[in-house]
Structure formats: structure tokens, C-alpha cells
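Chain residues, written in single-letter form:
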Amino acid sequence: QSALTQPASVSGSPGQSITISCTGTSSDVGGYNYVSWYQQHPGKAPKLMIYEVSNRPSGVSIRFSGSKSGNTASLTISGLQVEDEADYYCSSYTSSSTLLFGTGTRVTVL
Amino acid sequence: QVQLQESGPGLVKPSQTLSLTCTVSGGSISSGGDYWSWIRQHPEKGLEWIGYIYYTGSTYYNPSLKSRVTISVDTSKNQFSLELRSVTAADTAIYYCARDQGDGYGILGYWGQGTLVTVSS
């Protein structure tokens, strides 16, 4: 199982919108609506931001949204804020009944 | 509020077995629909799913680690555990336990703080 593919880094200015992609195959991202996104600040545990492609857990800002098309899922952060600077990981359920994480994307707020 | 806490040795010798326990508080490990997961993160690297267990004992493992991993559950203690055998320096990582509240479909809503395990002689 190879990790899902994410861009290594994405940057944007405060107030802008950015999108992070997560590309897999028909055996994971494309085959199930079980894509999650996690935010990780340095030295901290990951935090669930999006689940089942586009659902936000209670307490997560509406500036975070998710979508999927084919084998690629996306996380969009609108109205970028300084505190959004972190690493972001996608994950997907797979046809082998396992979970697969993405390679991770570092978001930098310019 | 469910809380998870990892515990175990921070240093393991090569070829030995890494053993960690995750203690769950604020909720029952026997709750239906919850899978109890182990994830690791190599220094300055990404997340790697190790596997998870249901309270009945059903387990699912990462194929790349399956031959060396055992995850077990002790419902009487509200704990689940990880054993990773024949470790090498490549197993040095921060190990997290987490609760998958989505029937095993990857909704990891609660995480422990993580524990660093170093493999070295």
C-alpha cells in the first residue's frame, strides 16, 4: 500500500483560500466516501477536521471544507488565518479494510 | 469527553519487542461502533496507520507490518495494547493511540498525546 499523494507544501496570504489535494486510487479514495482530513501543529497530536469527505466535526471552523472527484479528494481552507499554519494529512478507508494516510502537506501562511 | 493515554518504555533494543498500552477514560472501550487504533509517525515524517481492534477482539493490520504486529484489548481495564516484534531503528517513531468512531472507516476523532519510542542499543 502506497501512501496517498499530497503536495508537499501549499502557501497563501491571510484571507486567501487554498486547496490541498489528496490523490489515491479506485481502491481507496475513489471507491469510498470515507476520506478524512487531519490538522497537526508541531509537537501536537493530529486533530480531525473533516470526515466522510465533507463533514465537519463539532467545533471545527466552517472555513474548512472537503470535497471529492474521482480518485482525488480536496481540502479547502477559506479566509486563511495565521493559526491555520500546520501540517495536513488526508486518510482513506481501503478495499483491504485498512486505513491509508496521505504524504502530508505543510501549509504556510505568508 | 473520551481521553486516551499511551504508556510504555521509551527505549527498546534492536530485535526486541516494543510494547505499548493505551488507557481509555471518559468512555467505555466496549462501545459499539468504535475501533481502537494505533498510528505512528517517524521523526519529521508522515503518519502511518498500524492497525486497529474492535472490543470483541477483531483486528485489522497494515499489510506492511502485519507479520510483526499484534493488537489486543482488555475490556476489564478499558485498555488496548500494541506489540511490535523484532524492532529495528526504522521503528523509532512517535506512537499514537486513537479512537476510530466511524465503524473502522477512519474517523479518528480522539487521539492520545503520543509517546516517542526510540530503538537503540
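Since the structure is predicted, the reported quantities are computational estimates derived from the model, not experimental observations. (Residues numbered from 1 in each chain as written. Chains lettered and ligands numbered in written order. Predicted model: local features only at pLDDT ≥ 70, side-chain atom pairs only at ≥ 80, totals over all residues. Heavy atoms only, no water.)

1. With respect to the overall build of chain B
Where we set the bar: Helix numbers and strand numbers start at the N terminus; a helix is a DSSP run of H or I with at least 4 residues, a strand a run of E with at least 2. Between the two quantities, the radius of gyration covers C-alpha atoms and the globule rule is 2.2 Å times the number of residues to the power 0.38. Only protein chains enter the accessibility calculation, which uses a 1.4 Å probe; a residue whose area is less than 20% of its type maximum is buried, one above 50% is exposed, and one in between is partly exposed. What makes two residues a contact is simply this: any of their non-hydrogen atoms within 4.5 Å. The Shrake-Rupley method, run with a 1.4 Å probe sphere, supplies the accessible areas, and residue values consider only the shown protein chains as cover. This count recognises Lys and Arg as positive and Asp and Glu as negative, with His and chain-terminal groups excluded. In plain terms, the charge of a residue is placed at NZ if it is Lys, CZ if Arg, CG if Asp and CD if Glu.
Secondary structure assignment for chain B yields zero helices and eleven strands. By the compact-globule yardstick of 14 Å for 121 residues, chain B fits well, its C-alpha radius of gyration being 13 Å. Its C-alpha atoms give chain B principal-axis dimensions of roughly 40 × 30 × 25 Å. Counting all 121 residues of chain B, 49% fall into the buried class. Of the contacts made within chain B by residues no fewer than 6 positions apart, 53% connect residues no fewer than 24 positions apart. Of the accessible surface of chain B, which amounts to about 5300 Å², a share of 45% is contributed by carbon and sulfur atoms. Across chain B, the centroid of the 8 positively charged side chains sits 8 Å from that of the 9 negatively charged ones.

2. Observations concerning the interface of chain B and chain A
For clarity, the threshold we go by: The term buried area denotes the loss of accessible surface (1.4 Å probe radius) that occurs when two parts are joined, taken as the sum for both partners. When a carboxyl oxygen of Asp or Glu lies within 4 Å of a side-chain nitrogen of Lys or Arg, that pair is called a salt bridge. Pairs of N or O atoms within 3.5 Å make up the polar contacts considered here, provided that, within protein, one atom can donate a hydrogen while the other can accept it, and that residues adjacent in sequence are counted only when both atoms are side-chain atoms.
The interface of chain B with chain A comprises 22 residues on the first partner and 18 residues on the second. At the boundary of chain B with chain A, total buried surface from both sides reaches about 1700 Å², with 67% on carbon and sulfur atoms. Taken together, chain B and chain A are joined by zero salt bridges. In this structure, the connection of chain B to chain A is made through eight residue pairs in polar contact (both at pLDDT 80 or more).

3. Section: the sheet that holds strand E5 (residues 64-69) of chain A
In a beta sheet, neighbouring strands are held together by backbone hydrogen bonds and run either parallel or antiparallel to one another. Residues and elements named next belong to chain A. For the record, the criterion: If DSSP finds at least two bridges between two strands, the strands pair. The axes are straight lines fitted to the C-alpha atoms, using for helices just the contacting stretch, and the angles between their N-to-C directions are given from 0 to 180°.
The strand order E2-E6-E5 describes an open sheet built from three strands, whose pairing is antiparallel. Edge strands, defined here as strands with exactly one partner in the open sheet, are strand E2 (18-23) and E5. Taking the axes of each pair of neighbouring strands and ignoring which way they run, one obtains an average angle of 20° across the sheet.

4. Some thoughts on the pairing of strand E5 (residues 47-53) of chain B
All names here are of chain B. With seven of its seven residues buried, E5 lies for the most part within the structure. Relative to E5, strand E4 (residues 35-41) is paired through six bridges, and the arrangement is antiparallel. Bridge pairing in E5 places Arg-40 opposite Glu-48. Two successive antiparallel strands, E4 and E5, enclose a turn made up of five residues, where Glu-44 displays a positive phi of approximately 60°. The sheet contact formed by E5 and strand E6 (residues 59-61) spans three bridges and is antiparallel. Its bridge partner being in E6, Ile-53 is matched across the sheet by Thr-59.

5. With respect to the nonpolar core
Heads up, the rule is: Definition used in this section: a nonpolar core is a set of buried Ala, Val, Leu, Ile, Met, Phe, Trp, Tyr and Cys residues joined via side-chain atoms within 4.5 Å.
Counting residues in hydrophobic clusters, the biggest one holds 25 residues, and the most contacted among them are Leu-4, Leu-18, Trp-38, Val-69, Phe-80, Leu-82 and Tyr-95 of chain B. Listing elements by their share of this core, those giving two or more residues are strand E3 (18-25), E4, E5, strand E7 (69-74), strand E8 (79-84), strand E9 (93-100) and strand E11 (115-119) of chain B. Of all the elements, E3 of chain B adds the most residues to this core, at four residues. Trp-37, Leu-80, Tyr-88 and Val-107 of chain A belong to the second-largest nonpolar core, a separate cluster that totals 23 residues.

6. Points about the pattern of salt bridges
Taken as a whole and assessed by the stated rule, the structure comprises six salt bridges over all chains. Between Arg-63 of chain A and Asp-84 of chain A there is a salt bridge, and its shortest N-O distance comes to 2.7 Å. Linking Arg-63 of chain A in the loop between strand E4 (47-50) and E5 with Asp-84 of chain A in the loop between strand E6 (72-77) and strand E7 (86-93), this pair joins segments that are 21 residues apart in sequence. Taken individually, Arg-63 of chain A and Asp-84 of chain A each receive the classification buried, so the pair is uniform in this respect. Between Arg-40 of chain B and Glu-48 of chain B there is a salt bridge, and its shortest N-O distance comes to 2.7 Å.

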